[in-house]
Amino acid sequence: MPMRRRHLLQLSAGPLLASLGGMARSERPSRPVLVAGTVFARLFEPVPGAPPSGAQSSGRVQGLAVDLLDAILVPAGFTPSYDIYPWLRAQAMLEQGATQILVGPYRTRERETRMRFSRQPFYEDAMVFYARAGSQDLWRDDFAALRSLQIGAVQGWVYGDRFELARRQLNLTQVRDLATALRMLQLGRLDLIAANQRNSEPVLQELGLTEAVVMCQPPFARLRGHFAFSLEASGGEWQWLVDTGMQRLRASGELARLSARWGVPLPE
């Protein structure tokens, strides 16, 4: 293990918060915090020209999550380092103690056995199906009607209880990422793909598929995303710090201002 990473993993939020509490803000030492996530449009995404996924990208990641954590951690004397990884790897890093904060997971019972969540979600997603243009009526708000169709789902994504209940009855193809799923849909290898609207819009534009692929109505779920932390004792300290900071940002109106800036719906 590299010495820099070994040193960071030895840091514990509890001792850090205790040591900072008795110091004036100007005297506080700046301590690093590792923040991991995957590319979430408008939440946690590379600044144009940033390093590829998995590379150190501190200062080169932008989005609502970055602005919120900067506003919470920097005044408390911490220096966040933001890294982008494939989604499954980012989750594993949190569980293994290789990062202190994970950006954006939806809260589920299964995930609660592996990580702890911020009390307050900071965004909400509409979960929808996408179809080829002219085929959007394949989705009529009835999962039973989809049994004969080929449905694409992105590996590692959560789609909500309604989708999970229907999963065994569906012909599902697990796809590694959203761009691959959209290309397979365009080529007729899938009839529908399940995704969220926020992440899908920029990928459709990037692939030039805004005319060929359309969103079906209505959404089949609305899910809320959180910050997540380790189940270890130190994870409880980071959770407390972020929860307290989120309360402060909400009370001051800064949370609403930042959400509006990034065009991200703020949950009630």
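Residues numbered from 1 in each chain as written. Predicted model: local features only at pLDDT ≥ 70, side-chain atom pairs only at ≥ 80, totals over all residues. Heavy atoms only, no water.

Considering the packing of helix α3 (residues 64-73) against helix α10 (residues 254-262)
For the record, the criterion: Axes here refer to lines fitted to C-alpha atoms; in helices the fit is confined to the stretch in contact. Angles between the N-to-C directions go from 0 to 180 degrees. Numbering goes from the N terminus for both helices and strands, where a helix is a DSSP run of H or I of at least four residues and a strand is a run of E of at least two. Any angle from 65 to 115 degrees is called roughly perpendicular, while one under 35 is roughly parallel, one over 145 is roughly antiparallel, and all others are oblique. Left-handed is the label given to a crossing in which the near helix is rotated counterclockwise from the far helix by less than a right angle, and right-handed is the label when the rotation is clockwise. Here, two residues are considered to be in contact whenever any of their heavy atoms come within 4.5 Å of each other.
Put simply, α3 and α10 touch, their axes get as near as 9 Å, and they point 155° apart. Considering the angle they form, α3 stands roughly antiparallel to α10. With respect to the hand of their crossing, α3 and α10 are arranged in right-handed fashion. Where α3 approaches α10, its residues L64, D67 and L68 are matched on the opposing element by L255, L258, S259, R261 and W262.

Some remarks on the side chain of S230
Our working rule: A 3.5 Å cut-off defines polar contacts: any pair of N or O atoms within that distance qualifies, except that in protein one atom must be a possible hydrogen donor and the other a possible acceptor, and neighbouring residues in sequence count only when both atoms are side-chain atoms.
Relative to the helices and strands, S230 resides in the loop between β12 (221-229) and α9 (233-252). In terms of polar contacts, S230 uses its side chain to reach the backbone amide nitrogen of E232, at 2.9 Å.

Some points on the environment of F220
For clarity, the threshold we go by: In this scheme, a residue with accessible area under 20% of its type's maximum is buried, one over 50% is exposed, and one in between is partly exposed, where area comes from a 1.4 Å probe on protein chains only.
Following the sequence through the fold, F220 ends up in the loop between β11 (213-215) and β12. For F220, a relative accessible area of 5% puts it in the buried group. Measuring from C-alpha to C-alpha, the distance between F220 and D142 comes to 9.1 Å, with 78 residues separating the pair along the chain. Excluding its chain neighbours within four sequence positions, the residues that come into contact with F220 are M127, V128, F129, W139, F143, Y159, R162, F163 and A194.

Focus on the confidence of the model for the chain
Going by this rule: pLDDT is defined as a per-residue confidence score from the predictor, taking values between 0 and 100.
Scored by pLDDT, the chain has a mean of 88; 85% of the residues are at 70 or more. The low-confidence segment residues 1-13 (pLDDT under 50) makes 22 contacts with residues lying over four places distant or belonging to another chain.

With respect to unusual backbone geometry
P218 follows Q217 through a cis peptide bond whose omega is 0°. Relative to the assigned elements, P218 resides in the loop between β11 and β12. The backbone phi angle of R42 is positive, close to 70°, even though this residue is not glycine. With relative accessibility at 24%, the residue R42 sits in the partly exposed group.

Re the pattern of salt bridges
Defined as follows: Basic side-chain nitrogens of Lys or Arg form a salt bridge, by our definition, when they fall within 4 Å of a carboxyl oxygen of Asp or Glu.
Going through the model one piece at a time under the given rule, you end up with twelve salt bridges. The closest approach of N and O atoms between E124 and R224, which form a salt bridge, is 3.1 Å. Residue E124 is found in strand β7 (residues 123-132), and its partner R224 is found in strand β12; the two are separated by 100 residues along the sequence. The salt bridge partner of R162 is D141, with a shortest N-O separation of 2.8 Å. One end of the pair, R162, is in helix α6 (residues 161-166); the other, D141, is in the loop between β7 and β8 (150-154), with 21 residues separating them in the sequence. Ionic contacts of the salt-bridge type, sharing partners, join the residues E95, E110 and R114 into one network.

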